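Spelled out from the first residue to the last, the chains are:
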Amino acid sequence: MTTQQTFSILKPDATRRNLTGAINQKFEENGLRIVAQKRIHMTREQAEGFYAVHKERPFFGELVDFMISEPVVVQVLEGENAVLKNREIMGATNPEEADAGTIRKEFALSIGENSVHGSDSDENAEIEIAYFFKPEELVG
Ligand code: ATP
Ligand code: MG
């Protein structure tokens, strides 16, 4: 068994519609534990830095504008194979392609307003957790 940590964001469309509890219930009932969590309103600089890998993509400006439009919840999820498990619980980026029962199928509004972010690898999870949390803020 490999216990892992992954980084998660409840995006502005989720906080705006009061869906943070409903979404976190999905993580918890699937065996992921929230070991760090805070509600923040990202600055433009923070959002641009976080999504720097996408800066050449045509949707970059739209993505950053959206991520700073309302508060978000940043959190760390822990559990067995947490990176992959989180991506499974989230569903495909485009909610129209997401499997039944996934967060994006049930809650996302569009490919842009897709309710959640989750790290796509162990390496990126470590980088993304460190971007928002100090080690002492993680409490299992
Ligand atoms: P995330 O990184 O947010 O977990 P993801 O890994 O499923 O999502 P990425 O390819 O990393 O998808 O894209 C990052 C985010 O950029 C997506 O979650 C979505 O909000 C936005 N995005 C991706 N493709 C598009 C698009 N074609 N149009 C608008 N927004 C997009
Ligand atoms: Mg991604």
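Residues numbered from 1 in each chain as written. Chains lettered and ligands numbered in written order. Predicted model: local features only at pLDDT ≥ 70, side-chain atom pairs only at ≥ 80, totals over all residues. Heavy atoms only, no water.

Q: How do you make sense of the site of ligand 1 when you look at a structure like this?
A: The environment of ligand 1 is made up of 16 residues, and the closest members are Lys11, Arg87, Thr93, Asn114 and His117. A distance of 2.5 Å separates an oxygen atom of ligand 1 from a polar side-chain atom of Thr93. Here ligand 1, which alone exposes 580 Å², has 81% of that area covered by the protein. Among the detected pockets, ligand 1 sits in the largest pocket. Elements supplying a minimum of two residues to the shell around ligand 1: α4 (60–67), α5 (82–90) and β4 (116–118). With three residues, the single largest contributor to the shell around ligand 1 is β4. Residues that form the shell around ligand 1 fall into these classes: six nonpolar, six polar and four charged. (Near = heavy atom within 4 Å. Polar contact = N/O pair within 3.5 Å; in protein donor to acceptor, adjacent residues only side chain to side chain. Areas by Shrake-Rupley, 256 points an atom, 1.4 Å probe, with all protein chains shown as cover. 1 Å grid on protein atoms, 1.4 Å probe; cavity = no way out; pocket = protein on both sides within 12 Å on 5 of 7 lines; lining within 4 Å. Sits in = over half its atoms within 2 Å of the grid points. Helix = DSSP H or I, 4+ residues; strand = E, 2+ residues; numbered from the N terminus. Nonpolar A, V, L, I, M, F, W, Y, C, P; charged D, E, K, R; others polar.)

Q: It is not clear to me how the sheet that holds β4 should be interpreted in this structure. Could you clarify?
A: Within a beta sheet, neighbouring strands are joined by backbone hydrogen bonds and run either parallel or antiparallel to one another. The sheet built from four strands is open, its strands ordered β2-β3-β1-β4 with antiparallel pairing. At either end of the open sheet lies a strand with only one pairing partner, and these are β2 (33–40) and β4. For this sheet the average axis-to-axis angle between neighbouring strands, irrespective of direction, equals 20°. Across eight bridges, the pairing between strand β1 (residues 3–10) and strand β3 (residues 72–80) is antiparallel. Residue pairing across strands places Gln5 opposite Glu78, the latter belonging to β3. Set on the sheet, helix α2 (residues 20–29) makes contact with β1, β2, β3 and β4; between it and β1 the angle comes to about 165°. Against the sheet, α5 engages β1, β3 and β4, with an angle of about 35° to β1. (Pairing = 2+ DSSP bridges. Axes fitted to C-alpha atoms, helices over the stretch in contact; angles between N-to-C directions. Contact = heavy atoms within 4.5 Å.)

That's the geometry; what it means functionally is another story.
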